Amino acid sequence: MKGQYSVQFINPVLSAVLNVLSTMANIEARPGKPYVNKKGTACGDITGSIEISGFTNGIISLTLEEKVILTIVNNMLYENFTEINDEIIDAVGELTNMISGQARSELSKEGISFKAGTPKVVLGFGEKIGHIESAPILAVPFQCDGGKLVVEISIS
C-alpha cells in the first residue's frame, strides 16, 4: 500500500462521512477531487482525528470550517451556536468517532478489522494533525451548505 490507498479501504470511510452527515445532521455533502496533503496540517478551523489499529495502523481525520461545524451541530442538537466552544469541540470528536465507527463496521464485513483510539480535537488552521509521517495523507474535500470539510487518511 505504500504510496497509494485501496478503494476497498477508502470507500467505506467516504460513505460513512456522507451517511453520518445525512442522518445525524440532515446535511448533504458532495465529495470533491482527492489530493495528497503534503503539509500534514489542518486546512480548516477545527479537526478531529482518531487513531486506528489492527489490519494496519493509521489516522483518520475530519477538518471543518467553522461555519460548517456550526451548521452540523446546530442541526444535530437543534441549537443556535454562533462560535466554537466546548460543546462544538466535543461534537467534532463525536463526529470523528461516528464516522470511524461506521467505516470500521463496513470494513469488518470484508474481513478487515480495526480498533479505534479516543478522538483528539485540534483547533486552528495550519495546526499539525498527527498523521503517520511515513505515509502519504490522502485528503478528500467535501462541499456542503455553508462551506467545506476535508477527510484525511494516513495508514502505514
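Every value quoted in this text rests on a predicted model; they were computed, and no experiment measured them. (Residues numbered from 1 in each chain as written. Predicted model: local features only at pLDDT ≥ 70, side-chain atom pairs only at ≥ 80, totals over all residues. Heavy atoms only, no water.)

Caption draft 1: Structural context of the nonpolar core. Core analysis: the largest hydrophobic core is formed by 43 residues, its most contacted members being F9, L64, I69, I72, F142 and L149. Of all elements in the fold, only α1 (7–25), β3 (46–54), β4 (58–64), α2 (66–77), α3 (86–109), β7 (138–144) and β8 (147–155) reach the threshold of two or more residues within this core. Sequence-distant contacts of L149, that is, excluding residues within four places in its chain, are made with V17, L21, L62, T63, L64, V68, V140, P141, F142 and C144. (Core = buried A, V, L, I, M, F, W, Y, C linked by side-chain atoms within 4.5 Å. Buried < 20%, exposed > 50% of the residue type's maximum accessible area, 1.4 Å probe, protein only. Helix = DSSP H or I, 4+ residues; strand = E, 2+ residues; numbered from the N terminus. Contact = heavy atoms within 4.5 Å.)

Caption draft 2: Geometry of α3. Its 24 residues place the ends of α3 35 Å apart at the C-alpha level, agreeing with the 34 Å of an ideal helix rising 1.5 Å per residue. Here α3 has its buried residues at I88, A91, V92, G93, L95, T96, M98, I99, S100, A103 and L107. Where α3 is buried, its residues meet α1, β3, β4, α2, β5 (114–116) and β6 (120–123). In this structure N85 caps α3, since a side-chain oxygen of it lies 3.0 Å from the backbone nitrogen of E87. After α3 finishes, the residue G111 shows a positive phi value of roughly 80 degrees. (Expected span 1.5 Å × (residues − 1). Polar contact = N/O pair within 3.5 Å; in protein donor to acceptor, adjacent residues only side chain to side chain.)

Caption draft 3: Spotlight on the state of the cysteines. If you walk through the whole model with that rule in mind, you get 0 disulfides. With no disulfide of its own, C43 lies 13 Å from the sulfur of C144, the closest cysteine sulfur. (Disulfide = S-S within 2.5 Å.)

Caption draft 4: The arrangement of the pairing of β7 in detail. Among the 7 residues that make up β7, 6 are buried, leaving the element largely enclosed by the rest of the structure. Alignment of strand β1 (residues 30–31) against β7, held across 2 bridges, turns out to be antiparallel. Directly across from P31, in β7, lies its bridge partner F142. Bridge count for strand β2 (residues 35–36) against β7 is 2 bridges, and the pairing is antiparallel. (Pairing = 2+ DSSP bridges.)

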